[in-house]
Amino acid sequence: MNTPTVGILVSGLIYSGIKNNRSYLEEVGFYEEACRQYGLSPCIFRIKDISLETGQINALVKGVMGKYELKVITIPKVIHNRGLYFRKDLKIKLKNLQKLGVIIFNDRNRYGKWDVQEILMKNEELRPHLPETKRASSLNFTEMLKKHKQLMIKPNSGSLGSGVVMVEKRDSELWEVYYNQRREAFANDWPEIIRKKVSNKNYIIQERIQLAQFQGNPFDLRVSVQKNGLGEWQVTGVVGKVAKKGNYVTNAAKGGTCKTLTELLSNYSDWDFNAVYQSIEDLSIKAVSELNKYFPNLADVGLDIGLTNEGFPMFIECNGRAFRILFEKAQMYDVWKATYTTPISYARYLIDSKIDED
Ligand SMILES: Nc1ncnc2c1ncn2[C@@H]1O[C@H](COP(=O)(O)OP(=O)(O)O)[C@@H](O)[C@H]1O
Ligand SMILES: [Mg+2]
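All of these numbers come straight from a predicted model, not from anything done at the bench.

**Q** It is not clear to me how the site of ligand 1 should be interpreted in this structure. Could you clarify?
**A** In the vicinity of ligand 1 lie 21 residues, with Lys154, Ser159, Gly161, Asp220 and Glu317 positioned nearest. Within the backbone of isoleucine 209, an N or O atom sits 2.8 Å from a nitrogen atom of ligand 1. A distance of 3.1 Å separates an oxygen atom of ligand 1 from a polar side-chain atom of threonine 250. Surface burial for ligand 1 is 99%, taken as the share of its 530 Å² of free accessible area covered by protein chains. Elements represented by at least two residues in the shell around ligand 1 include exactly β9 (150-155), β13 (203-207) and β19 (313-319). Here the shell around ligand 1 is composed, by residue class, of 7 nonpolar, 6 polar and 8 charged.

If you want it as structure tokens, here you go:
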């Protein structure tokens, strides 16, 4: 029997790393192991390596010497997308590939925070878990200042924690804005940073959740939610991200550190760990199921979820191409590996259930 091929579509940077036998951000060895486990053989390529005309790709496949070699092969029927595409022609190329019957899961992997918020708000059960959010505008900012003690102003589209500003109420007429490790007090006359951000259509204004803390620094969670070998959503793992001292964003790119949930909750001895974990899982599965209605090929996301001081989970963000490395940073090696194995098991499920034998 033939071993079906599964495609891993990656960006140029990751591709060159693999080609030179240096894994960069993607641990290809884990894909290989998972493929062995599920009777598949992996091939790795970029979008430009696909030829719609010939139905073939020039892909990296493991040769007999255990090194990756370039080989022209038929386009695999199932592809796991791990690349990011901003160019219209590349998006169209993916669409055309899908029209040929190729299943590309996580085809789209960048979601505007505003769109996600609007979709999730439609679900009554999810609403209590969503911080109030508005599009950036002076009017909305004024209104939000009146309603909340702390606000976040952030870019609508993925930013690794860059460009995120925090605003905090000091007293009835005085606020303070935090950005780039600086702070500035203001009253009616808004500082330039505020004026710039609130007039930028690509920003949103959000109520800041009072995040639970670890050693005095706020933390939130990255939840890996993936479709598994049964074609069902599962939470593959949860890792905590703690903000650097004095910071209000937890992103690793902004000096945040990764820790296990057990470690982070050790100070909250009055919380029921299992109940908190269950509520994180429930929120995550509910949120992705809702998003899946609008993004049909969604299969592998990383959610940012905050916990309030009461241990109540709040939805912050959905990342379509989440860094799995956060689990490695927290030394959660089994989960780290599982974030690679699960999408491959899903590919196996797709091949078995959705692809007709030739
Ligand atoms: N509403 C919020 N309440 C509390 N913290 C927030 C909120 N929004 C963002 N943050 C913090 O800022 C970080 C970055 O924001 P996020 O929305 O994840 O954008 P990105 O990661 O794309 O920059 C989050 O991980 C979280 O630590
Ligand atoms: Mg984030």
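**Q** Explain the pairing of strand β6 (residues 78-81) here, please?
**A** Along a regular strand, successive side chains alternate from one face of the sheet to the other. The alternating pattern of β6 places Val78 and His80 on one face and Ile79 and Asn81 on the opposite face, and all of these are buried. The pairing of β6 with strand β7 (residues 103-105) spans 3 bridges and is classified as parallel. Each bridged residue has a counterpart across the sheet, and for valine 78 the counterpart in β7 is isoleucine 103. Following the backbone out of β6, through helix α3 (residues 88-99) and into the adjacent parallel β7, one traces a crossover that is right-handed.

**Q** Looking at this structure, I do not really get the packing of helix α4 (residues 113-121) against helix α8 (residues 273-294). What am I missing?
**A** Two quantities define a packed helix pair, namely the angle between the axes and the distance from one axis to the other. Following both chains from N to C, one finds α4 and α8 inclined at 105°, their axes separated by 9 Å at the closest point. Taken together, the axes of α4 and α8 are roughly perpendicular relative to one another. Taking contact as the criterion, the partners of Val116, Ile119 and Leu120 in α4 are, on α8, Ala287, Glu290, Leu291 and Tyr294.

**Q** Hey, could you run me through the coordination of the magnesium ion (ligand 2) in this one?
**A** As a benchmark, a tetrahedral metal site with four donors has ideal angles of 109.5 degrees, while an octahedral site with six donors has ideal angles of 90 or 180 degrees. Listed as protein donors to the magnesium ion (ligand 2) are Asp304 (OD) and Glu317 (OE); their distances from the metal cover 2.1 Å. Taken together, the residues span a long stretch of sequence, with aspartate 304 in strand β18 (residues 300-307) and glutamate 317 in strand β19 at a distance of 13 residues. Taking the relative accessible area as the measure of exposure, aspartate 304 reaches 5% and is therefore buried. Taking the relative accessible area as the measure of exposure, glutamate 317 reaches 12% and is therefore buried.

**Q** Help me understand a positive patch on the surface in this model?
**A** A cluster of basic residues, Lys88, Lys91, Lys95, Lys99 and Arg108, forms a positive patch on the protein surface. Mapped onto the elements of the fold, lysine 99 is located in helix α3. A relative accessible area of 69% means that lysine 99 is categorised as exposed.

**Q** Could you clarify how one ought to interpret the side chain of serine 51 in this entry?
**A** Relative to the helices and strands, serine 51 is located in strand β3 (residues 50-51). Among the polar contacts listed, one links the side chain of serine 51 to the side chain of threonine 54, at a separation of 3.0 Å. Discounting chain neighbours no more than four positions away, the residues touching serine 51 are Gln56 and Ile75.

**Q** Would you take a moment to explain the packing of aromatic side chains for this structure?
**A** When we look at a pair of aromatic rings, we describe it by the centre distance and by the angle of the planes. By the definition in use, this model includes 12 aromatic pairs. Taken together, a centroid distance of 4.1 Å and an interplanar angle of 25° make the contact between tyrosine 268 and tryptophan 271 stacked. Put simply, the rings of Phe30, Tyr31, Tyr333, Trp336 and Tyr340 touch in pairs and so form one group of aromatic residues. The ring centre of tyrosine 15 lies 3.8 Å from the NZ or CZ of arginine 46, which sits over that ring. Taking the ring centre of tyrosine 340 as reference, the NZ or CZ of arginine 324 above it sits at 4.8 Å.

**Q** I tried to follow the pattern of salt bridges on my own but got confused; where do I start?
**A** When their charged atoms lie close together, side chains carrying opposite charge are able to pair. Applying the stated rule across the entire model yields 20 salt bridges. For aspartate 304, the salt bridge identified is with arginine 222, shortest N-O distance 3.0 Å. Residue aspartate 304 is found in strand β18, and its partner arginine 222 is found in strand β15 (residues 217-227); the two are separated by 82 residues along the sequence. Residues lysine 293 and glutamate 290 are paired through a salt bridge, measuring 3.1 Å at the closest nitrogen-oxygen approach. Separated by 3 residues within a single helix, lysine 293 and glutamate 290 lie in helix α8, roughly one turn from each other. On the basis of relative accessible area, lysine 293 is assigned to the exposed category, the value being 60%. Beyond isolated ion pairs, a larger network of salt bridges with shared partners links Glu26, Arg82, Asp300 and Arg324.

How each quantity is defined
- Residues numbered from 1 in each chain as written.
- Chains lettered and ligands numbered in written order.
- Predicted model: local features only at pLDDT ≥ 70, side-chain atom pairs only at ≥ 80, totals over all residues.
- Heavy atoms only, no water.
- Near = heavy atom within 4 Å.
- Polar contact = N/O pair within 3.5 Å; in protein donor to acceptor, adjacent residues only side chain to side chain.
- Areas by Shrake-Rupley, 256 points an atom, 1.4 Å probe, with all protein chains shown as cover.
- Helix = DSSP H or I, 4+ residues; strand = E, 2+ residues; numbered from the N terminus.
- Nonpolar A, V, L, I, M, F, W, Y, C, P; charged D, E, K, R; others polar.
- Buried < 20%, exposed > 50% of the residue type's maximum accessible area, 1.4 Å probe, protein only.
- Pairing = 2+ DSSP bridges.
- Right-handed = clockwise from strand over helix to strand, strands pointing away.
- Axes fitted to C-alpha atoms, helices over the stretch in contact; angles between N-to-C directions.
- Parallel < 35°, antiparallel > 145°, perpendicular 65-115°, else oblique.
- Contact = heavy atoms within 4.5 Å.
- Donors = N, O, S within 2.8 Å, 3.2 Å for Na, K, Ca; no water.
- Patch = residues over 30% accessible without salt bridge, like charges linked within 9 Å, V, L, I, M, F, W, Y side chains within 5 Å.
- Salt bridge = Lys/Arg side-chain N within 4 Å of Asp/Glu carboxyl O.
- Lys, Arg positive; Asp, Glu negative; His and termini not counted.
- Charge placed at Lys NZ, Arg CZ, Asp CG, Glu CD.
- Phe/Tyr/Trp six-rings, centres within 6.5 Å; stacked < 30°, edge-to-face > 60°.
- Lys NZ or Arg CZ within 6 Å of the ring centre and 35° of its normal.

Coordinates in, geometry out; function isn't part of it.
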